[in-house]
Amino acid sequence: MNLFKVADLYVSRIVNSKAKPNANAEESTKIKALLLDKDTVTTISMCSTQTELLQNEVYLVDTLENPNRDTMRHIKCMVYISPSEESIQLLVKELQNPKYGEYHIFFNNMVSKSQLERLAEADDMEAVVKVEEIFQDYHILNEDLCTLDCSNDLLFRNFELWDEDGLRTVTESITSLLLSLKLRPQIRYATNSKLCAKLAKEVEFSISQNDTSLFDFPTMDTTPILLLLDRKNDPLTPLLQPWTYQSMIHEYIGVKRNIVDLSKVDNIDKDLQKVTLSAKQDPFFHDTMYLNFGELGDKVKQYVINYKDKTQSNTKIETIEDIKGFIEKYPEFRKLSGNVSKHMAIVGELDKQLQLRDIWGVSELEQNISVHDDNQEDYQQLLTLLDSQKLDNFYKLKLSCIYMLRHGNSNPRQMDNLISRLKSSSMPIEDVNLLLKIKKMFHTDFSNNTSVDNMKKTNNVSDHLLSDLARRFNDKLNSRNNNNSTMSDNVFMQHLPEISHILTELSTNKLSIEKYKYLKEPSSIRNTLPPQDTVVFIVGGVTYEEAKIIHEFNQDISKNNNNMRVVLGGNDILSTREFLRSLRL
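Because the structure is predicted, anything quoted here is derived from the model rather than measured.

Novice: I would appreciate a short explanation of the packing of helix α5 (residues 85-96) against helix α6 (residues 113-122) in the present structure.
Specialist: Pairs of packed helices are described in terms of their axes, by the angle between the two and the distance that separates them. Where α5 contacts α6, the axes come no closer than 8 Å and their chain directions differ by 20 degrees. Looking at the two axes, α5 sits roughly parallel to α6. α6 is crossed by α5, and the crossing has right-handed handedness. Packed against α5, whose contacting residues are E85, I88, Q89, L91, V92, L95 and Q96, the element α6 presents Q115, R118, L119 and A122 at the interface.

Novice: Is there a simple way to think about the sheet that holds strand β13 (residues 259-261) in this case?
Specialist: For sheets, the rule is that strands pair by backbone hydrogen bonds, running either parallel or antiparallel. Sheet architecture is open: three strands sit in the order β12-β13-β14, paired in antiparallel fashion. Only two strands of the sheet have a single neighbouring strand rather than two, namely β12 (255-256) and β14 (274-276). Alignment of β12 against β13, held across two bridges, turns out to be antiparallel. Counted as the bridge partner of K256 is I259 from β13.

Novice: When you look at helix α21 (residues 498-507) in this model, what are you seeing that I'm missing?
Specialist: The set of residues buried in α21 consists of I499, S500, I502, L503 and L506. Down the axis of α21, the sector holding all buried residues measures 160 degrees, keeping them to one side. Buried residues along α21 sit against β11 (225-230), β15 (516-518), β16 (533-539), α22 (544-559) and β17 (565-570).

Novice: Whenever I open this one, the layout of surface pockets confuses me. Can you help?
Specialist: Rolled over the atoms, a probe sized like a water molecule indicates the empty space that remains. When its volume is computed, the largest pocket comes out at roughly 850 Å³. Lining the largest pocket are 36 residues, and of these N109, D137, T169, E172 and S173 sit closest to its centre. If you list the elements that add at least two residues to the lining of the largest pocket, you get α3 (40-47), α7 (164-180) and α8 (194-209). A per-element tally of the lining of the largest pocket places α7 first, with seven residues. Class assignment for the residues of the lining of the largest pocket results in eight nonpolar, 17 polar and 11 charged.

Novice: In this structure, what is going on with the pattern of salt bridges? I would like to understand it.
Specialist: Close approach of charged atoms allows side chains of opposite charge to pair. One pass over the structure, following the stated rule, counts 23 salt bridges. For R13, the salt bridge identified is with E132, shortest N-O distance 3.0 Å. Placement of the pair is R13 in helix α1 (residues 3-15) and E132 in strand β5 (residues 128-133), with a sequence separation of 119 residues. For E546, the salt bridge is made with R231, and the minimal N-O distance between the two is 2.8 Å. With E546 in helix α22 and R231 in the loop between β11 and α9 (245-252), this pair connects stretches of sequence that are 315 residues apart. For E546, a relative accessible area of 1% corresponds to the buried category. Because the salt bridges share partners, they merge into one network encompassing R184, E204, D211 and K520.

Novice: Would you mind showing me how to read unusual backbone geometry here?
Specialist: Excluding glycine, most residues fall at negative phi; most peptide bonds, likewise, are trans. Even without being a glycine, E126 presents a positive backbone phi close to 50 degrees. Mapped onto the elements of the fold, E126 is located in the loop between α6 and β5. Looking at E126, the relative accessible area reads 66%, which means it is exposed.

Novice: I tried to follow the side chain of K232 on my own but got confused; where do I start?
Specialist: Relative to the elements of secondary structure, K232 occurs in the loop between β11 and α9. Within polar-contact distance, the side chain of K232 engages the side chain of E160 at 2.9 Å.

Novice: Even after reading the chapter, I still don't get the environment of I557, so can you show me in this structure?
Specialist: Position of I557 among the secondary structure elements: in helix α22. Considering only alpha carbons, one finds I557 and S507, 50 residues apart in sequence, at a separation of 9.1 Å. Apart from the residues lying within four places of it in its own chain, the contact partners of I557 are N562 and M564.

Cut-offs applied
Residues numbered from 1 in each chain as written. Predicted model: local features only at pLDDT ≥ 70, side-chain atom pairs only at ≥ 80, totals over all residues. Heavy atoms only, no water. Axes fitted to C-alpha atoms, helices over the stretch in contact; angles between N-to-C directions. Helix = DSSP H or I, 4+ residues; strand = E, 2+ residues; numbered from the N terminus. Parallel < 35°, antiparallel > 145°, perpendicular 65-115°, else oblique. Left-handed = near helix turned anticlockwise from the far one by under 90°. Contact = heavy atoms within 4.5 Å. Pairing = 2+ DSSP bridges. Buried < 20%, exposed > 50% of the residue type's maximum accessible area, 1.4 Å probe, protein only. Arc of directions from axis to C-beta. 1 Å grid on protein atoms, 1.4 Å probe; cavity = no way out; pocket = protein on both sides within 12 Å on 5 of 7 lines; lining within 4 Å. Points joined across faces, edges and corners; volume = space filled by probe spheres on them. Nonpolar A, V, L, I, M, F, W, Y, C, P; charged D, E, K, R; others polar. Salt bridge = Lys/Arg side-chain N within 4 Å of Asp/Glu carboxyl O. Polar contact = N/O pair within 3.5 Å; in protein donor to acceptor, adjacent residues only side chain to side chain.

Right, dumping it as C-alpha cells:
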C-alpha cells in the first residue's frame, strides 16, 4: 500500500521493457526514448528523476504533442500515455510515420478494443512490439496520499450534482488506483451524500465489467474497503489555518505537482525561484513535512549546527538570519546542503507571511470557535476582529463561516447580528452572499464537534530560532503541555478532522453502517475483523492536515504489528482559499 513503491514498479516496467521475455543483451542496452503526453508528463515527473531515467539508459524524453521531433530509427521508444481520444489520435499519426525503430506502448489506464484496432491499422510498418496497460491514472503526493488534480468546479455544482465527464474521470481514476493496489474492495459511502452514492455505483459497475479480466485477485483474510466520503460532512477542516510544514507551504506559497514557485520572494536566488518538493526525492522534506512550524525550525537549526560542529566554526546560530549568513559564509555547506538552502528560503517566507497576515490571533480564534461550545468570549473576539481595519476581508469571511457552521443553528440571533455587521462593514456583498449560500448548503449541524485530543509531540524548542511569533507557537504548546498533563493540545491545533474518528471506528470494526452504508451487504463471516487494506477517497477534496492523520495512523498501526493500511485520496488538494473559491461557483 506504499504508493511510491507502486510508482517505482511501473516506471521500472516501462523503462526496462523488452520485446520478448528472453531478449538478448544487445536489445537490453539499446538507447531509449521516453515519449509522454500532457497527462503522463506530470505522472513521471512526480515519481521519477532525470538521473533515475538516465541510469536506465533513457536519454531522450519528449512529448507526443511535439511535432518537431527528429527521426532516430536506431532508438527504441517507450510510449507512456493516457488512453484519451486526443492521445490516441496523436499516436495513430506517430505510427503512420514512425520516428523510432520500435515502440513499446503503455497506457496509464484501461484502453478499449476499438482504440487498439485503430492503432493496429495505423501500424503498417509493424513498429509496435508491445502494448500494455498499467494503472496510474492519478498523482502521487505522499506514500499514502494521492490526488486526481481535478478541481471541484470541473466535477460538480454546489456539491450536489455530478458533471457527466467529471464523474467518468473520477470513476476511471479510482478504478486505476484500485488496480494498482491490487484491491477488489467492498464499497462503503457516506449515506447522506448523493455524490458518494452515485460514484459508488459507477465504481462498482466499472469493477464488475472487468471482474474476471482485471480484478481477479487472490482472496484476502479480510475484504478491502473503498470508503467514499463527502467534503460536505466536514467543511470545518479545510477552513482552518493549517500548521504542518507541507500544508503551510500549500496554504501560503502554493505547491502544484510538487513544484513550489518562490520567484516572488524578495532577494531570492535564481536557483531557488522554482524548487521541487517531494517526500520521495527530498530526505529533509520527508523528515519534516508533518512537523508543526516550531518543530520545523528546530529541525533546520539542528541541521546547520551539526555542520557547524564539523567545520569547527564559532559562528553564532540562533535566528533565521544567522542561518542564512552561515550558509553564505561557507559556500561548501551550500554545495553539500543546497536542499537545506531551499527549505530555509521556504521557512523564511512562511515566517514572513505569518507576521504580515497576523495569522496567530486569527488561528487561535478559529480553533476556539471550532471546538468550544457556544462561548460568549469567542463571539466577542470575533466581533472585534470583524471590526479591525487591519484584518483582510478573506479572514473575516472565513471566521464568519466557521462560526456559522459551529454555532449558527444553536444561536441564530447572534448569527443574524453577525451577518448584519458584515453587511454594514466594508465586506463585499458577494462575500456576504457566499456566507448565506454556505448557510443553506451545509445544513448539517456541526455543533457537536468533539476535537479535543490531537496528535502532539512534546518538543524542547530553542527560544531563539524563529521570530517572536514563531516562539509564541512553541510557548503555547509547551505551556499547555505543562499545565495540563491529561491534554497535550495547544491553542493552534485543537480541532481534529472527522477522518480521525472514522479511522478509530474503522480500526475496531465499529464504523456505523447507518452513516457509512455498504453498496452491497457483505457476508457476516468475512467481515468480523477490521479491513486490512482501506482506500479513503474524499469527494470535494482532501487537505494535507488529513494526510498527516492518515500517515500517523499508519505509523501507529505498524508499530503495534497490525497489518491494517490506509491510503487517502481526493479529487484535489484544498487550501482554505481554494475551498472557499469552489463554494462560490
